Structure formats: structure tokens, C-alpha cells
Amino acid sequence: MLRFFLIRAFRAFMTIVLVVTFAFVVLRMSGDPALIIMGPEAPPEAIVAFRKAWGLDQPIWIQYLSYFTAIMGGDLGISMRDGQSAISLVLDRIPATLQLTVPALILKLAIGIPAGVYAALHRDSAADRGVMAGAVVGFTMPSFVFGLILVLVFSVTWGVLPSGGQDTWMHAILPIATMSIGGAGILARFSRSAMIEILGQPYMRTASAKGLPWRRVIWEHAFPNAAIPIVTITGFMVGTLIAGAVVVESLFSWPGIGRLLVVSVANRDLAVVQCILLMVAATMVISNFVVDILYGYLDPRLRNNQARH
Amino acid sequence: MPLVEISNLGVAFSGVPVLHGINLKIEKGEAVGLVGESGCGKSVTWLAALGLLPGKAAVSGSVRLGEEELVGAPREKLEQVRGGRIAMIFQDPSSSLNPVLRAGRQIAEAVELHQGLAGAAARAEAIRLMDLVGIPGAARRFDNYPHEFSGGQNQRLMIAMALAGKPDLLVADEPTTALDATIQAQILDLLISLRQETGMAIVFISHDLGAVSQICERVCVMYAGRIVEQCSTEMLFRAPRHPYTRGLFDAIPRLDAGRERSIPIPGTVPQAGRMPAGCAFAPRCGYATDVCHNQVPALSGTEGRATACFNALDEMRSATASGTTKQKVEFA
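Residues numbered from 1 in each chain as written. Chains lettered and ligands numbered in written order. Predicted model: local features only at pLDDT ≥ 70, side-chain atom pairs only at ≥ 80, totals over all residues.

1. Structural notes on the overall build of chain B
Then, number 1: Within chain B, the regular secondary structure consists of 13 helices and twelve strands.
Then, number 2: Over its C-alpha atoms chain B spans a radius of gyration of 21 Å, differing by no more than 12% from the 20 Å that the globule rule assigns to 332 residues.
Then, number 3: The principal-axis extent of the C-alpha atoms belonging to chain B is close to 65 × 50 × 35 Å.
Then, number 4: Counting all 332 residues of chain B, 45% fall into the buried class.
Then, number 5: The contacts in chain B between residues at least 6 apart in sequence include a share of 64% that link residues at least 24 apart. (Helix = DSSP H or I, 4+ residues; strand = E, 2+ residues; numbered from the N terminus. Rg over C-alpha atoms; globule rule 2.2 N^0.38 Å. Buried ≥ 20, exposed ≤ 12 C-beta atoms within 10 Å, placed from the backbone. Contact = placed C-beta atoms within 7 Å.)

Here you go:
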């Protein structure tokens, strides 16, 4: 088991190193922060001075090494734009983002899983087709389209909900609804197909044949088996709790991580962008790790494999 | 009054009939074999009786358990019968147990449902049942998962689960087909001794005539959704009267046959929905006459011996080969 954890931890570390490196390379190659932050009309001396101040005049591999050693030492750098430390800028925004993404995740689970299970139990009925049509619409429609439709209906036409900002809990309703719909659709589809597969297994017949009431057959015998693919998808959604709101936050002017990322990329504010990417990578890696542990908990047949690795 | 009386039971899947009016009585405590090729309706008969077929199956006719009618009975009533009065075990024990639930727990669940025990008492009873069916170290293995047991042990666990409800009838649906020959023999012995101890009736569904002969006093041979021959096991082995039954015996490889091959039945079972007009076996039958192709023979004869055939074989014609076969089968 210790070996399993060590291998996992090493893989997680390598993933984060890769993300950090990739972000560094792409951002450095896609534009000069000095030009963007100082503006096109800045005098050449000022630009040279800016480059020197931020170490941008060094060869790229020296920049990378100093950046990398700083990160290893826990120093995520300083925002080139306003001189604040990048990590505090990012941490300030996290609560706002979680205010949207956590309720949205709960909503996805609360709608998607029961809808999918219901559709599986009433396979090929009108209800099943209705749920699946809704799910397809939910996850194929881009979130900005769905968000705009909601704004059009609830803010413009009926005027019952605000279309942007973060002042009251009412402001959170439309962004949360927009974020939930796609995930709920995906979860419904996965829950349905997982349940249909499990319902055809011989042990379901055994459970019925011993006289177990139908409801217990479904929730105690079928659902724990169907949980594995559902947990995989849910783990992915948990991994995007921090990063998942770029479009929706921009659309509803919600001051979260997503909007900070958009602004920082546009400004080539390297430290902030890298700090956000690092955090996203870390949440992804952690949620993947938790999912792997959960697999072993959900399916005893996988436990031996984990112990062996 | 018989324990179970099935009359004119029919099953159709999406409008295609697969069971054409089965009549079968099971007396208290008797062991009856249901024999036939895969797809002939042996299992479907009992799945239909217990309401375990999927929703697209249309069930007609009647299944009476004592005074109670099971066909069309409400779900709550069927749930009490299942496991409580009629228990069923299945062909592939390893996939018939839930892989993510502890084996002992799955047995305790049946104990809770049918004996009204709970908690530690249910656990103790489940361990007693595991012990009874020959799981070594039952108390220690209660918390193991099905994949930690062998195939034969999984079938023992299934039997323990079936016994939890103290059923009047155990339907064993090919319980030994997926197991090694030595394990098969152990499971058969277990079923025989459990029947002696509990007095429950057994319906043994199999295509293995040898296994059937060890457990059952009476055999029904099924073909394409009908019972074609029904008599005591002894009579069936001495002198099968239906050409299909005879074909089954001839198809068994014989130890004393030297280089001679066993004789397979020519052709294949007709598909449900494409049944020939007359007797379903007529196209494969060496004894078929004109009437066989036009008319379906009814199961006729006495209570003890009935055959659905216009050209049933007489004692002389049928006795020769199969008399010796029985010994060989038992040997194997």
C-alpha cells in the first residue's frame, strides 16, 4: 500500500512539473509582457528597464530555472501588473469562485444521478427518451449560449433575477444554473448507461430471486456497482472546481478565479497565470488521487491491485 | 394437493412465443429433473413462475403454489414467495453473487428477509448456513468478497443463501454446468444430503442426464418450449420413448464404444418464431411421418409416463443402446 502511495505521489509531482513547464513555455512564446504592460507608446528605455527588472533579459533557460527553483521554495512570484504577490491575488478570488462551483457541483449530482437512474429503470419509455433528450441538449449547448438564454428570459423579459455582479445570493442563481446544466446532462448519461449494464448482470437476478424488495435491489445491489463510472466523472468535475468557471464568470461579471485568469492572460501577467495553472493542476491531481482511493473502496476486486502496485 | 402446479404456462418475448403451454406438477419433497438443450425453456419456466423475467416477456397460464396463484400476482406477494417458499440458484455462481458486497452479508440479507432476524443473530445464522454448506472457516470468511472464493464455494454460498428462507422448493438452474467435474460431484452430493435433511423439493434443471439421474426420481424432457417426455428417471434411462430423448442418449460419448463416435442429433433447434408447423422436432427426426409435419403431438399417456410423439418408440426399439448408457453416465 505504501508503494502505491509513493508511486501515486511521484506521478502527481511529475504532472505538476509538466504543467508548470508547459505554462512557462507557452506564455513566454506567445507575447512580450513588457510591451503589453508598458503599452505600445512606452519609450524603448523604459521597456529595457522593465525587462531587466523582471529578469526578462536573461536567456530563457535561466528564467525557467530561477522560476522553477522559486516555485520549489514556495515563492510563486509577484504580479507584474500591480506588484502584489501572485498567490494572495489568486487566494482572494477563490471564495467567489467556490460560491458558484460548489453549489453547481451539488446540483449536477442531485439532478444528474437520479435522472440517469430513473431513465435506466424505465428504459425505452417516453420518460427515458425525455431525460436523454434533455441530457443531450444540456451538454451539447455551450454554456455561454445557455447563460445568455437564461439572462434573456429571467433578467430581460421577466426581470426577476440580476444578470451580472456579485452583490446578493440572487446574483448567484443564474451562473450556478448555467454551470450545472452541462454536468447534470453528462452525469445523467453516464448513470443511465452504468445502471443499464449492471441491471443485466446475473447477480441482479439473484438479488430479486431471494425476495429482496425492488427498491433495495436497485439502491443496495445495483447502484454500488454502477458508482464506479459515476465517481470517475464526478472526480473530474471536482478537479475543475477552481478552473471551471472561466466562461460563466466572464458572462456574469463574477469576480472569481476564471475572470482573473482571463485578465491575466490578456496582460501577460506571467506570475498570476502560472499561479492559477499550478492550483488547477494541483486540484486535478488531488481529485484524481481521491478517485483512485475511492475505486478500491467501491470495488473490492481492485483493492488487491492497489496493494500490489 | 401438489406443492406447485403449473398449467398451460406460456411465455412470449416481444410477441414471439418461447414457451408453448407447460403443464407440470411438483409434489412436496420430490426431486424432478428438467432436461433439454439450451434455449428450450427450462429456465424460462421457473423465471416466469417467480416473475423474474424482464418486462417485455408476456406470461400466460397459471402457476399455483398451494392455494396461491403466482402468475400476475402483485410484487409484494412474489417477493415473499421468492427465497421464502421457492428459492433459486443459478448456472454461473461467480457472477451470480454481487461482487461489491461481502459474501456473508448477502446470505444474512436473505436471513433477515425470511427469518425475521437482525444484526448479530442474522450474522450467526448466516455463518451457520455457510458452515452447513461446507465453507471451511465460515465465521472467519463471512466478511470476504465473492471473488475471494472459488467457483465451487460460490455455488455453496448461493445454496446457503437459498436455504436461508427454508424454502419448500429449490430450483437449481444448471448449478454444476460452470464447475469442474470433481466440484460438480461435490455440489450434487451437497444437494442430495440437504434434501434429505430439510425435506425440500428440488427442481434440477440441466442438460446433463448423468447429473439428473443422481438427484431426481422423475424427469421431464423439454424441446423448443414444450415438454416432450415425462416419466421416472429409471424408465427414461431404460427405455426413452421420444426420438429426441433417444437422440440425447445416443449423443453421449461412450467409454466402451472404441473408435466409434457418439451419434449427434442432426440439424439444430428451430428458432423461436420460426417453428415448423407440426412437431418442432420433426425436421430433425428419423422417425417422422406426414402427420408429424402437420400436427403438434399432445403430451399423452399416464401420470407416470407421458410422451408427445405420434411415433413413440416401443420398449424393444428403444431399450438396446441406452440400457448400458446409464452405467457409463454414472461412471463419468
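2. Remarks on the overall build of chain A
Then, number 1: A count of helical and extended segments in chain A gives 14 helices and zero strands.
Then, number 2: Its helices and strands in sequence order give chain A the pattern α-α-α-α-α-α-α-α-α-α-α-α-α-α, from N to C terminus.
Then, number 3: Considering only C-alpha atoms, chain A reaches an extent of 85 × 60 × 30 Å along its principal axes.
Then, number 4: Every one of the 309 residues in chain A was classed for burial, and the buried ones make up 35%.
Then, number 5: Long-range contacts, defined here as pairs at least 24 residues apart, represent 74% of the contacts in chain A between residues at least 6 apart.

3. Side note on the packing of helix H5 (residues 86-121) of chain A against helix H10 (residues 214-239) of chain A
All names here are of chain A.
Then, number 1: Packing of H5 against H10 brings their axes to within 11 Å, and their N-to-C directions diverge by 140°. Classified by the angle between their axes, H5 and H10 sit oblique to one another. When the axes of H5 and H10 are compared, the crossing they make is right-handed. Taken together, the residues of H10 that come into contact with H5 (itself represented by Leu105, Lys108, Leu109, Ile113 and Leu121) are Ile218, Ile230, Thr234, Met237 and Val238.
Then, number 2: Residues that form the contact of H5 with H10 fall into these classes: eight nonpolar, one polar and one charged. (Axes fitted to C-alpha atoms, helices over the stretch in contact; angles between N-to-C directions. Parallel < 35°, antiparallel > 145°, perpendicular 65-115°, else oblique. Left-handed = near helix turned anticlockwise from the far one by under 90°. Nonpolar A, V, L, I, M, F, W, Y, C, P; charged D, E, K, R; others polar.)

4. Some words on the domain arrangement of chain B
Residues and elements named next belong to chain B.
Then, number 1: Examined at the domain level, chain B breaks down into domain 1 (4-216) and domain 2 (222-331).
Then, number 2: One C-alpha centre belongs to domain 1, the other to domain 2; they are set 28 Å apart.
Then, number 3: Between domain 1 and domain 2, the contact holds 21 residues from the first and 16 residues from the second.
Then, number 4: Elements that contribute at least two residues to the side of domain 1 that touches domain 2 include exactly strand E2 (16-26), strand E3 (31-35) and helix H9 (209-215).
Then, number 5: Among the elements that make up the side of domain 1 that touches domain 2, the one with the highest residue count is E2 (seven residues). (Domains from an automatic or database assignment.)

5. Describing helix H1 (residues 42-49) of chain B
All names here are of chain B.
Then, number 1: Most of H1 is tucked away: eight of the eight residues are buried.
Then, number 2: For H1, the set of buried residues is Lys42, Ser43, Val44, Thr45, Trp46, Leu47, Ala48 and Ala49.
Then, number 3: Following H1 by one or two positions, Gly51 has its phi on the positive side, about 70°.

6. Things to note about the sheet that holds strand E5 (residues 68-69) of chain B
Residues and elements named next belong to chain B.
Then, number 1: Taking strand neighbours across the sheet as the criterion, the four strands line up as E2-E1-E4-E5 in an open arrangement whose pairing is antiparallel. Among the strands making up the open sheet, the edge pair consists of E2 and E5.
Then, number 2: When strand E4 (residues 57-65) meets E5, the two strands line up antiparallel, connected through two bridges. Its bridge partner being in E5, Leu65 is matched across the sheet by Glu68. (Pairing = 2+ DSSP bridges.)

7. As for the packing of H5 of chain A against helix H12 (residues 257-266) of chain A
All names here are of chain A.
Then, number 1: Packing of H5 against H12 leaves a shortest axis separation of 8 Å and a crossing angle of 135°. With respect to H12, the axis of H5 lies oblique. Residues Leu89, Val90, Arg93, Ile94 and Thr97 of H5 pack against Ile257, Gly258 and Leu260 of H12.
Then, number 2: Residues that form the contact of H5 with H12 fall into these classes: five nonpolar, two polar and one charged.

8. What to know about the interface of chain A and chain B
Then, number 1: Opposite the 20 residues of chain A that make contact, chain B presents 25 residues.
Then, number 2: Those elements that provide at least two residues to the side of chain A that touches chain B are helix H9 (202-209), H10 and helix H14 (300-308) of chain A.
Then, number 3: Looking at which element gives the most residues to the side of chain A that touches chain B, the answer is H9 of chain A, with seven residues.

9. With respect to the sheet that holds strand E11 (residues 300-301) of chain B
All names here are of chain B.
Then, number 1: One open sheet holds the eight strands; their spatial order is E6-E7-E8-E3-E9-E10-E12-E11, and the pairing between them is mixed. Two strands in the sheet have a free side with no partner beyond their single neighbour: strand E6 (86-89) and E11.
Then, number 2: The sheet contact formed by strand E7 (residues 169-173) and strand E8 (residues 201-206) spans five bridges and is parallel. When the sheet's bridge partners are listed, Leu169 is paired in E8 with Ala201.

10. Description of the pairing of E8 of chain B
Every regular strand shows the same layout, with side chains that alternate between the two sheet faces.
Residues and elements named next belong to chain B.
Then, number 1: The element E8 is extensively covered by neighbouring structure, given that six of its six residues are classed as buried.
Then, number 2: Residues Ala201, Val203 and Ile205 point to one face of E8 and Ile202, Phe204 and Ser206 to the other, with burial holding for every one of them.
Then, number 3: Sheet topology note: the E3/E8 ladder contains five bridges and is parallel. What sits directly across from Val35, in E8, is Ser206.
Then, number 4: In the classification by handedness, the crossover that spans E7, the intervening helix H8 (residues 181-198) and the parallel E8 is right-handed. (Right-handed = clockwise from strand over helix to strand, strands pointing away.)

11. A word on the pairing of E3 of chain B
Residues and elements named next belong to chain B.
Then, number 1: Burial runs high along E3: five of the five residues are buried.
Then, number 2: Covered by surrounding structure in E3 are Ala31, Gly33 and Val35 together with Val32 and Leu34, the residues of both alternating faces.
Then, number 3: As paired elements, E3 and strand E9 (residues 218-223) share four bridges and run parallel to each other. Across the sheet, residue Val35 finds its bridge partner in E9, namely Val221.

12. What to know about the environment of Gly183 of chain A
Residues and elements named next belong to chain A.
Then, number 1: Within the secondary structure, Gly183 sits in helix H8 (residues 170-199).
Then, number 2: Judged by the 24 C-beta atoms lying within 10 Å of it, Gly183 falls in the buried class.
Then, number 3: Through-space distance from the C-alpha of Gly183 to that of Ile111 is 9.4 Å; in sequence the pair is 72 residues apart.
Then, number 4: Setting aside residues up to four positions removed in sequence, Gly183 forms contacts with Lys108, Gly112 and Met237.

13. Concerning the confidence of the model for chain A
Predicted coordinates in areas of low pLDDT are best not read in detail.
Then, number 1: Here chain A averages 86 in pLDDT, and 97% of its residues register 70 or above.
Then, number 2: Model confidence for chain A, summarised as mean pLDDT per element, is weakest for H14 of chain A at 68 and strongest for H9 of chain A at 94. (pLDDT = per-residue confidence, 0-100.)

14. Considerations on helix H4 (residues 60-72) of chain A
Residues and elements named next belong to chain A.
Then, number 1: End to end, H4 covers 18 Å across 13 residues, agreeing with the expected 18 Å (1.5 Å per residue, within 8%).
Then, number 2: Counted residue by residue, H4 has one buried out of 13 residues, so it is predominantly exposed.
Then, number 3: Backbone geometry just downstream of H4 places Gly74 in the positive-phi region, at approximately 85°. (Expected span 1.5 Å × (residues − 1).)

15. Some remarks on the environment of Phe281 of chain B
Residues and elements named next belong to chain B.
Then, number 1: Summarising the element assignment, Phe281 is placed in the loop between helix H11 (243-250) and helix H12 (290-294).
Then, number 2: Each C-alpha atom, one on Phe281 and one on Tyr244, is 7.2 Å from the other, the two residues being 37 residues apart in sequence.
Then, number 3: Each residue touching Phe281, except ones within four places of it in the same chain, is listed here: Tyr223, Val228, Pro243 and Tyr244.

16. Quick word on unusual backbone geometry
Leave glycine aside and you will find that most residues have negative phi; peptide bonds, for their part, are mostly trans.
Then, number 1: Of note, the phi angle at Asp124 of chain A is positive, near 70°, even though the residue is not glycine.
Then, number 2: Look at Asp124 of chain A and you get exposed, because 10 C-beta atoms sit within 10 Å.
Then, number 3: Despite not being glycine, Asn8 of chain B shows a phi value in the positive range, around 50°.
Then, number 4: By C-beta crowding, Asn8 of chain B is classed as exposed, having 11 other C-beta atoms within 10 Å.

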